[in-house]
Every structure is written in C-alpha cells, then in structure tokens.
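Below are the chains, spelled out letter by letter.
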Amino acid sequence: MDMSKKMAAGITGFASMLWLGLTAAVAANQRRLVFNPTLEREVKSPRSSGHRTRPVVLRANDGTRLSGWLMTPTIPGPRPAVLYFGGRSEEVSWVVRDAGKLFPNMTVLAMNYRGYGESQGVPAEIHMIEDGCLLYDWLATRGQVDPHRIAVVGRSLGSGVAVQVAKERPAHSVVLITPYDSILAIAKRRFRVMPIEYMLQHRFESIKYAPSLKAPTYVLRAASDDVVPHTHTDLLVAKLGQLVADDVVPDSDHMNIPYLEATQDLIAGFLTRQFSQPVTPAAAAAVADAVANAEPPAEAIPTPADFDLATK
C-alpha cells in the first residue's frame, strides 16, 4: 500500500472512531441534553396577588415526592382550573408570582418535574406523562375545582407533556407556548450525522398525538426563536385536531415569552373565553368517567426540607 492510501485509510479510521465516540457521548448524555433541571427557586417566597397560595407535596405512583404550589381564587365555589407544565430549564415558582395576571379567577396547580426545584427523582419522559396525569386527577378531585373546566398549559418542553396529558385526560382547553413537533426532530436537526433516532429515549413526539386532541388548542410562538424554529411549530400546528388560534407574540424570544405582559394577556383572555363556553354533554360524560376512575396521588405534608414558606 503506498503512502497516500495509508494516509487515507488512517484518516478514515480516525473519522470512524471520532464518529463512534461522539455517538456514544450523545447516547450517554442524552438526559442532560433533553433536561436541564433548575434546583434553585426563581422566586424565593412565591405568592399570588390574586389567589390563596399554599405549598403542595404529592407522591407519585412509585413514592417519589413532587413539590409545587396550589393557588385558589378568593372567590368561593368550584372554579375553572389550570395545570401548568414548565420548560427544559424551568423552575415554576415564577408561575405563582404571575398567576393573578396569567390565570385570573382560576385555580392553578404548578408542580416541578422530578429533579427540578424541591421535587425528588430523575426527569424522564415516561415519568413526566405519568405524573402529569396523576396531577390532573388530583386537581379534578379538589372541592374548589370545576372538573369540567380544567386546562393544561405547557411551555417549550412542557408543551410535549401537555399534549400527551390532554390526550389521556378530558382537558377542557390546551395552551402551547413555543411548541415543537418532536424533540426527536429537533435533535435530528442538531445532530445531523448521527443515528439519533436509535439513541434518543425521550422523544416527546407531540406530532403523533396532535390529531387526537379534542380540546380547543391555542398556540403561542416567539417572534424570534432559535431553540424551536417556526418550521417545527408549523408541522405540529398542521396536525392539531382543534386549533383555535396560532399567534406570534411581538418582541418575544424563546426565553422571555412567558413573562411578557402581552403573552400573559393573550393566555388569560383565551382561557377566560373558553371557560365561559357551555360544556357539551359528551364532554361532561367524559369528565364524569375520568373522575370516577381517577386514582389521584397521595398528598404528603410539606416539611421545612420541602418548603421554606408558610401557607397563606
């Protein structure tokens, strides 16, 4: 073999080893690529100006403790409710602070995923969906909640959780903030030369479930989004079974969109209008069946290790 062929063979071998090494690294670190848990609270002592606020600790099916906050309106009687799912790096205490603006006169449950905030465990798609359904069931059995009017709201990564929970439970309405077709599709775009479809466990393939959603769905996009390009949202929107509106929030990006007054006004307006609509007999029957078969998680008593704020 002449020198040029030896060099070519060496380069090919090195490239193959490099590709295999990169592939192994992506496979081994995929949890860190998909999830980026934030442990520290965004808001140190969260309170909602429009709600009674109390910390909640619930136990998942396997006993894992999930921590978050329940906000109930000061107006008595069963109220519409919202179940919120956060983004990849999001700790949800900020939702408590902004709930009066975002979700006026609505009961709100905002819980941190496993491994986020004060929640125990390790994040994984299968757990997020299972836990999300349990949280929905728990919320639906609260005395201050109208079980016929529960919306699910998901931001970024959480949009994939919201879509799957809405598929499994009779959600009244759905709000998706910067949603995507699938994490798999975004990963394939980022890692073009790797067999990502054979490696990725946490796929969040919202596009597969979108056609089966029966709840009216509202999509909000960032004006500038380098995390979820609009092309990925376009593909999801084209498949949604009950799309009501698809809006772009001016002067927004992927990170600041939920905090903007314009975003919060749009969400509050959409949910208020949806909750004012009469519940159809078919929807009422679906809710009655879901509540009858629900096995909500056990509520644990918060301890100082879980929360450092007093119940309001």
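Remember, predicted model here, so these are calculated numbers, not experimental data. (Residues numbered from 1 in each chain as written. Predicted model: local features only at pLDDT ≥ 70, side-chain atom pairs only at ≥ 80, totals over all residues. Heavy atoms only, no water.)

Novice: Help me understand the pairing of strand E6 (residues 173-177), please; the structure alone is not making it clear to me.
Specialist: Each regular strand displays side chains that alternate between the two surfaces of the sheet. Of all 5 residues in E6, 5 are buried, a share of seventy percent or more. The side-chain alternation of E6 yields two buried faces, one formed by Ser-173, Val-175 and Ile-177 and the other by Val-174 and Leu-176. In terms of strand pairing, strand E5 (residues 145-155) meets E6 through 5 bridges, oriented parallel. Its bridge partner lying in E6, Gly-154 is registered against Leu-176. Between the parallel pair E5 and E6, the chain is carried across by helix H5 (residues 157-168), and the sense of this crossover is right-handed. As judged from the 4 bridges shared by E6 and strand E7 (residues 217-224), these two strands associate in the parallel manner. For Leu-176, the partnering residue across the bridge sits in E7 and is Val-219. (Buried < 20%, exposed > 50% of the residue type's maximum accessible area, 1.4 Å probe, protein only. Helix = DSSP H or I, 4+ residues; strand = E, 2+ residues; numbered from the N terminus. Pairing = 2+ DSSP bridges. Right-handed = clockwise from strand over helix to strand, strands pointing away.)

Novice: Teacher, can you tell me more about the environment of Thr-233 here?
Specialist: As for its placement among the helices and strands, Thr-233 is situated in helix H8 (residues 230-237). Here the alpha-carbon distance between Thr-233 and Ile-207, two residues 26 residues apart in the chain, equals 9.6 Å. The residues contacting Thr-233, other than those within four sequence positions of it, are Pro-179, Val-219, Arg-221 and Val-228. Of note is the side chain of Thr-233, whose polar atom sits 2.7 Å from the backbone oxygen of Pro-179. (Contact = heavy atoms within 4.5 Å. Polar contact = N/O pair within 3.5 Å; in protein donor to acceptor, adjacent residues only side chain to side chain.)

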